[in-house]
Amino acid sequence: MVLQLSEEESSRQLARQKMGEKEALALYQRATNYLAAAQIYLQDNVLLKEPLQAKHIKDRLLGHWGTCPGINMIYAHLNRLIVRHNIDMFLVTGPGHGAPANLANLYLEGTLQQFYPELTLNEAGLEHFIKQFSWPGGFPSHLYPGVPGTIHEGGELGYALATAFGAAMDNPDLIVACIVGDGEAETGPTAAAWHSYKFLNPVDSGAVLPILHLNGYKISNATIYGTMSDAELVRLFTGYGYKVRIVQATQGDARMAQAMEDSYQEIHRLQQIARAGNPLTLPAWPMIILRSPKGWTGIKTLHGKRIEGSHRSHQVPANNVKGDPLALEAVEKWLRSYRPEELFDEQGRPSPVLLALNPQGEKRMGSNKHTFGGRIRRDLDLPDIQQCAVTDQSQVSSNIEPAARYLEQVIAHNPQTFRIFSPDELESNLLGAVLNSTSRNYQWPVAAEPSEYVSSRAEGRVLEVLSEHMCQAWLQGYILTGRHGLFPSYEAFLTIIASMMDQYAKFLKMSSTLSWRLPVASLNYLQTSTLWRQEHNGFSHQNPGFINTMLNKKSSASRVYLPPDANSLLYTLQQCLQDTDTINLIIAEKRAFPQWLSLPAAIAHCRAGLSVWRWASTDGGIDPDVVLAGIGDNPTLEVMAAAQILRTELPELRVRVVNVVDLFTLVPATEHPHGVDDTLFEGVFTAHCPIIINFHGYPSAVKQLLFGRAHSERFFINGYCEEGTTTTPFDMQVCNGTDRYHLVMQAVRLAVASGHQQIAVRMSEILGRYQSILTEHRSYIRQYGKDPDSITQWKWN
């Protein structure tokens, strides 16, 4: 049978035949370098059909030129590799400020036109493309979700490499190329991420090809890696477990082509060995180090100062073009050095040789299916939470352990699409039950390997590494390529990745404006080992600040849940695993607690987000003198103890108990999808009496949420006030005024201030009594180093 080639493919083959591969690669890089530089400078005369004038230059020159030529060289050679071997590959670009280079390649390969039909491969499309870079309403100066093929923006440096590894997990046919700039290489997260191959199983995961791009300079200083010799670099990265190939860009394309080819063949060889059932012992995975001058092929000198090969080419090499004739002349000479008349015809159409080098369809890196995770995401097969629910409400047990049993089943039901990324705290956080259905993933040999801790080459679904940055980046890469995951962490150290979460929230926000970015799975944090039970580790481990960070994210994405018991946690976890395009923070302590709610009651409570616990209130909470509201498991325990004291010892003071599980129900419905309207809000908190809120975190968080509510002066917020040390659990509450006795005294004072005459005549006696009890308890704690039995053995009646 004779295969008929399309006219387009025939012309591509003809173009390849007319020009050798070396010449074609050089021509392609001239084109992408021209397009990258033109985007930074030009708003008109984009093909230089007339002499360059000041009016052709953008008024605001924004962008980063210095890294673009290296990115363009890498992109061209990755394309060559894809076409040559029909590879499933995409690119993660750490130096996201090099967006002009990525955009230039995406324009030539036709991906941009697929999503932005106006960016046609002719003069009109070219003019529009070049002008809209760093232009209001156009492409920003960095990568962002509106650039097809992007799963990492590269604005905040440090985690491109780990994100690439997250994308490669459970994608056996995928190779993720990752450019790491030499500025980014100086960051701590990147230093840890080089170890990611130790967690990537070559049998059923893909591979990452790291490309360290050294151009020697940051904004105004030399880079560490740029100043290291080749021998030093080889020793360093050999120690990390890589086979290093160093390429000097100025020596031409042949060296890079060979390095790419050898790297691909080495990846293929190692995978074949592993997939044939032969374990790899300390494999050396390939990486490429590309040395290129900063701002290569650009302006050499200006006003007697070196530009190319110096920090001066990092951003805009000549930035006063409109007011400096010498700068205008230098820019024109630079742009014309690429000979645009050889790259584009009179109608602005790219030379057929340029188009011939590009892969087609989904093989184009900008069109790779994995970079559109929402399109390939599938819902998890979630088990019934009834199987793990607490059925005996009289027991005192961990809220986390039933959730661990549920996650054990989630992993068993979803063996290729769900992972747990944990900073070496899985069993400490009482999540060890998941190891009944999986194991830890670690690929390197361990001396005297304890099988219960490490899976030797097995594809465990749990990745533990003492780097929150790696866990976050792996999870982001995994989610944005269509899968699901969970990040459990000690509360105090989740703040380490607060800025990474912020960047991810921005990614979701921008993605929501693009019809072709379909929803991805939620990013889920389980924040445990909380401050109230870090009395043994002390002050350094007491920090609930991640809540405050979450509150400032867009309401479309941010969610904060504080389930009061095990069944509430189960339902919350199930719902979060079903969410899309959200960032869910679930806060739950791992220690044993009273179990307040049956599963049906917990489901009803969680669906409402907040509710009156009538069974814990005076006369069902009707006509209260004061409202006690608990937010979080530890604060709720103290609220319940205070309510019991008031109910039994001061029955004339009528108490309503409220519990809040969804923190954003405190804001008006107009401000957040989970907010409640004023009528419902007053129905829960009343319209007249004082409200004491006992909150898990900083009081400022609740004050922020209540701002704008009518009569917010009725709310009195208790929470963590940066008072803590190595002490007992109850003493932690006392230190911060969140304990049951402080709550009782606070309720008495507020009731009297509101006009409660019966309590007023006894206030001094009541306050004195509970202050004495507090003093006795603290004396006992100081003497015996533990909480009194009346606290540790307290039960709800």
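The structure this text deals with has already been given above.
Rules behind the numbers
- Residues numbered from 1 in each chain as written.
- Predicted model: local features only at pLDDT ≥ 70, side-chain atom pairs only at ≥ 80, totals over all residues.
- Heavy atoms only, no water.
- Helix = DSSP H or I, 4+ residues; strand = E, 2+ residues; numbered from the N terminus.
- Rg over C-alpha atoms; globule rule 2.2 N^0.38 Å.
- Buried < 20%, exposed > 50% of the residue type's maximum accessible area, 1.4 Å probe, protein only.
- Contact = heavy atoms within 4.5 Å.
- Areas by Shrake-Rupley, 256 points an atom, 1.4 Å probe, with all protein chains shown as cover.
- Lys, Arg positive; Asp, Glu negative; His and termini not counted.
- Charge placed at Lys NZ, Arg CZ, Asp CG, Glu CD.
- Axes fitted to C-alpha atoms, helices over the stretch in contact; angles between N-to-C directions.
- Parallel < 35°, antiparallel > 145°, perpendicular 65-115°, else oblique.
- Left-handed = near helix turned anticlockwise from the far one by under 90°.
- Nonpolar A, V, L, I, M, F, W, Y, C, P; charged D, E, K, R; others polar.
- Core = buried A, V, L, I, M, F, W, Y, C linked by side-chain atoms within 4.5 Å.
- Pairing = 2+ DSSP bridges.
- Expected span 1.5 Å × (residues − 1).
- Polar contact = N/O pair within 3.5 Å; in protein donor to acceptor, adjacent residues only side chain to side chain.
- Salt bridge = Lys/Arg side-chain N within 4 Å of Asp/Glu carboxyl O.
- Phe/Tyr/Trp six-rings, centres within 6.5 Å; stacked < 30°, edge-to-face > 60°.

A. Expanded view of the overall build of the protein. Within the protein, the regular secondary structure consists of 30 helices and 22 strands. Here the C-alpha atoms of the protein give a radius of gyration of 31 Å, agreeing with the 28 Å that 2.2 N^0.38 yields for 797 residues. Evaluated residue by residue, the protein yields a buried proportion of 62% over its 797 residues. Look at the contacts in the protein between residues 6 or more apart in sequence, and 78% of them connect residues 24 or more apart. If you sum the accessible surface of the protein, you get close to 29,100 Å²; carbon and sulfur atoms cover 51% of it. Positive and negative side-chain charges in the protein, numbering 68 and 78 respectively, have mean positions lying 5 Å apart.

B. Main features of the packing of helix α23 (residues 633–649) against helix α27 (residues 740–753). Contact geometry of α23 with α27 gives a least axis separation of 8 Å together with a crossing angle of 55 degrees. As the angle between them shows, α23 and α27 are arranged oblique. Relative to α27, α23 is oriented so that their crossing is right-handed. From α23, E638, V639, A641, A642, I645 and L646 reach across to α27, where they touch R740, Y741, L743, V744 and A747. Its residues placed into classes, the contact of α23 with α27 shows nine nonpolar, no polar and two charged.

C. Structural view of the nonpolar core. Core analysis: the largest hydrophobic core is formed by 188 residues, its most contacted members being Y41 and F685. A per-element tally of this core places helix α2 (residues 21–41) first, with 12 residues. The residues contacting Y41, other than those within four sequence positions of it, are H56, I57, K58, L61, V316, P317, A318, V321, V331 and W334. In this structure, A616, L628, A643 and V655 belong to the second largest nonpolar core, which totals 39 residues.

D. Region of the structure containing the sheet that holds strand β2 (residues 174–181). The five strands lie next to each other as β1-β2-β3-β5-β4, forming an open sheet whose pairing is parallel. Strands with a single pairing partner mark the edges of an open sheet, and in this sheet they are β1 (88–93) and β4 (242–248). Adjacent strand axes in the sheet meet at a mean angle of 20 degrees when their direction is disregarded. Looking at chain direction, strand β3 (residues 207–214) and strand β5 (residues 285–291) are connected through four bridges and run parallel. In the strand pairing of β5, H213 is matched with L290. Contacting β2, β3, β4 and β5, helix α11 (residues 253–275) runs over the sheet at an angle of about 165 degrees to β5.

E. Structural detail: α27. Taking 1.5 Å per residue, 14 residues should reach 20 Å; α27 reaches 20 Å between its end C-alpha atoms and fits that length. Counting buried positions along α27 yields 10 of 14 residues, so the element is predominantly enclosed. Inspection of α27 places R740, Y741, L743, V744, M745, Q746, A747, V748, L750 and A751 among the buried residues, and these make up the whole buried set. The backbone nitrogen of Y741 has a side-chain oxygen 3.0 Å away, supplied by the residue at the start of α27, namely D739.

F. Broad picture of the pattern of salt bridges. Applying the stated rule across the entire model yields 31 salt bridges. When the shortest N-O distance is used, the salt bridge between E342 and R30 registers 2.7 Å. Linking E342 in helix α13 (residues 340–343) with R30 in helix α2, this pair joins segments that are 312 residues apart in sequence. For E342, a relative accessible area of 40% translates into the label partly exposed. Here D170 makes a salt bridge to R419, at a shortest N to O gap of 3.0 Å. Pair noted here: D170 is in the loop between α7 (160–168) and β2 and R419 is in strand β9 (residues 418–422), with a separation of 249 residues, a long-range link.

G. The sheet that holds strand β19 (residues 626–631), seen in detail. The sheet built from five strands is open, its strands ordered β18-β20-β19-β21-β22 with mixed pairing. Only two strands of the sheet have a single partner each, and these edge strands are β18 (610–612) and β22 (715–718). Sheet twist, expressed as the mean angle between neighbouring strand axes with direction ignored, is 20 degrees. With respect to the sheet, helix α25 (residues 699–706) is in contact with β19, β21 (691–695) and β22, its orientation differing from that of β22 by roughly 150 degrees. Against the sheet, α27 contacts β19, β21 and β22, and its axis sits at roughly 160 degrees relative to β21.

H. Focus on the packing of aromatic side chains. For the coordinates displayed, the defined rule picks out 36 aromatic pairs. With a centroid separation of 6.5 Å and 85 degrees between ring planes, the pair formed by Y116 and W516 is classed as edge-to-face. Placement of Y116 in the loop between α5 (111–115) and α6 (123–131) and of W516 in the loop between α19 (498–511) and β14 (523–528) is noted, with a sequence separation of 400 residues between them. Residue classification places Y116 among the buried positions, given a relative accessible area of 14%. Take W516: its relative accessible area is 11%, and that puts it in the buried class. Aromatic pair W194 and F237: ring centres 4.8 Å apart, planes at 70 degrees, arrangement edge-to-face. Within this pair, whereas W194 is found in the loop between α8 (188–193) and β3, its partner F237 is found in helix α10 (residues 230–240), the two being separated by 43 residues in sequence. According to the relative accessible area criterion, W194 is buried, its value standing at 0%. With relative accessibility at 0%, the residue F237 sits in the buried group.

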